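# Fold and contact review
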Amino acid sequence: MYFETPPGDRLPAIRTMAMPKDTNGLGDIFGGWLMSHADMAGAVLGFQRARGRVVTVSVNEFTFLRPVYVGDVVSFYTDVHKVGRTSVAIDITMFSMRNTDGREEQVRVATARITYVHIGADRLPRAIPAD
Ligand SMILES: CC(C)(COP(=O)(O)OP(=O)(O)OC[C@H]1O[C@@H](n2cnc3c(N)ncnc32)[C@H](O)[C@@H]1OP(=O)(O)O)[C@@H](O)C(=O)NCCC(=O)NCCS
């Protein structure tokens, strides 16, 4: 499930500030920066749900809704979409907190669904334990 607004009842998996080094040719934040952080945020929840190591197998969808600007504080909220035998799909909703004309606003900037596979020490898929 993607969130329409930042959920008040949970903490983001990651919250960080977009810096000038992360910009594209237009001076806005490079999409790959957001993708990298979304992958890490999803992996945090995937790790918790699988109770062990996970690897990314697929970026099922990624939608950039609004630009991210330098200085935005970006929050990555995660939710389990689906648990399979060895895989877990995580929904990630990203919000930028920014100050516009002295007013603080939260803008939903992107959504993504990423699937992770639980692996063992041999790097092969392992069954995800029951919840
Ligand atoms: C992830 C990996 C271990 C899966 O190995 P595999 O032998 O292909 O495993 P399987 O075919 O049994 O699939 C494992 C699970 O992934 C799911 N899966 C595979 N491809 C998928 C895809 N494109 N989208 C969604 N789920 C997918 C399968 O449905 C299965 O889920 P389930 O057990 O819940 O039904 C292997 O592909 C791998 O090591 N990939 C590289 C991972 C990596 O390095 N990621 C970081 C990239 S830099």
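Residues numbered from 1 in each chain as written. Predicted model: local features only at pLDDT ≥ 70, side-chain atom pairs only at ≥ 80, totals over all residues. Heavy atoms only, no water.

## Let's talk about the overall build of the chain
Heads up, the condition is: Under the scheme used here, helices are H or I runs from DSSP no shorter than 4 residues and strands are E runs no shorter than 2 residues, and both carry numbers assigned from the N terminus. Only the C-alpha atoms count toward the radius of gyration. The rule for a globule is 2.2 Å times the residue count to the power 0.38. Per-residue accessibility, obtained with a 1.4 Å probe over protein chains only, is compared with the maximum for each type, and a residue is labelled buried under 20%, exposed over 50%, and partly exposed between these values. By definition in these notes, contact holds between two residues if any of their heavy atoms fall within 4.5 Å. Accessible areas in this description were obtained via Shrake-Rupley with a 1.4 Å probe; residue shielding takes into account the shown protein chains only.
Each helix and strand in the chain was counted, giving one helix and five strands. The globule rule puts the C-alpha radius of gyration for 131 residues at 14 Å, and the 16 Å found for the chain is close to it. C-alpha atoms of the chain, sized along the principal axes, occupy 50 × 35 × 20 Å. Considering the chain as a whole, with its 131 residues, one finds that 41% of them fall into the buried category. Sequence separation of at least 24 residues holds for 68% of the intrachain contacts in the chain that already meet a minimum separation of 6. A total of about 7,300 Å² of accessible surface is found on the chain, and carbon and sulfur atoms cover 54% of it.

## Quick look at the site of the ligand
Our working definition: Working definition: residue near molecule or strand if any one of its non-hydrogen atoms lies within 4 Å of it. The definition of a polar contact used here is a pair of N or O atoms within 3.5 Å, where within protein one atom must be able to donate a hydrogen and the other to accept one, and adjacent residues in sequence count solely through side-chain atom pairs.
Residues in close proximity to the ligand total 14 residues, the closest being Thr56, Ser58, Arg85, Thr86 and Ser87. Between the ligand and Thr56 there is a distance of 2.9 Å, counted from a nitrogen atom to a backbone nitrogen or oxygen. Between the ligand and Ser58, the relevant distance is 3.5 Å, taken from a nitrogen atom to a side-chain nitrogen or oxygen of the residue. Contact with the protein chains hides 41% of the accessible area of the ligand, taken as 970 Å² for the molecule alone. Taken together, the elements giving at least two residues each to the shell around the ligand come down to strand E2 (54-64) and strand E5 (103-118). Among the elements that take part in the shell around the ligand, E2 stands out by supplying five residues, more than any other.

## Observations concerning the sheet that holds E2
Here is the rule we go by: Only strands that DSSP links by at least two bridges are regarded as paired with each other. Axes, fitted as lines to C-alpha atoms, cover a helix only where it is in contact. Angles between the N-to-C directions of the axes lie from 0 to 180 degrees.
Reading across the sheet, the five strands line up as E1-E3-E4-E5-E2 and stay open at both edges, with antiparallel pairing between neighbours. Each edge of the open sheet is held by one strand with a lone partner, namely strand E1 (14-17) and E2. The average undirected angle you get between the axes of adjacent strands in this sheet is 25°. Sheet topology note: the E1/strand E3 (residues 73-83) ladder contains four bridges and is antiparallel. Within E3, the position partnered with Ile14 by the bridge is Phe76. Its contacts with the sheet put helix H1 (residues 31-50) on E1, E2, E3, strand E4 (87-100) and E5, and the angle it makes with E3 is roughly 45°.

## Comments concerning a nonpolar patch on the surface
Note the following rule: Patch membership needs two things, relative accessible area over 30% and no salt bridge, and members are linked within 9 Å if like-charged or within 5 Å if nonpolar (Val, Leu, Ile, Met, Phe, Trp, Tyr). A carboxyl oxygen of Asp or Glu within 4 Å of a side-chain nitrogen of Lys or Arg is what we treat as a salt bridge.
Where nonpolar side chains cluster on the molecular surface, the patch consists of Met35, Val59 and Phe64 and spans about 260 Å² of accessible area. Mapped onto the elements, Val59 comes out in strand E2. Note on Val59: relative accessible area 45%, which makes it partly exposed.

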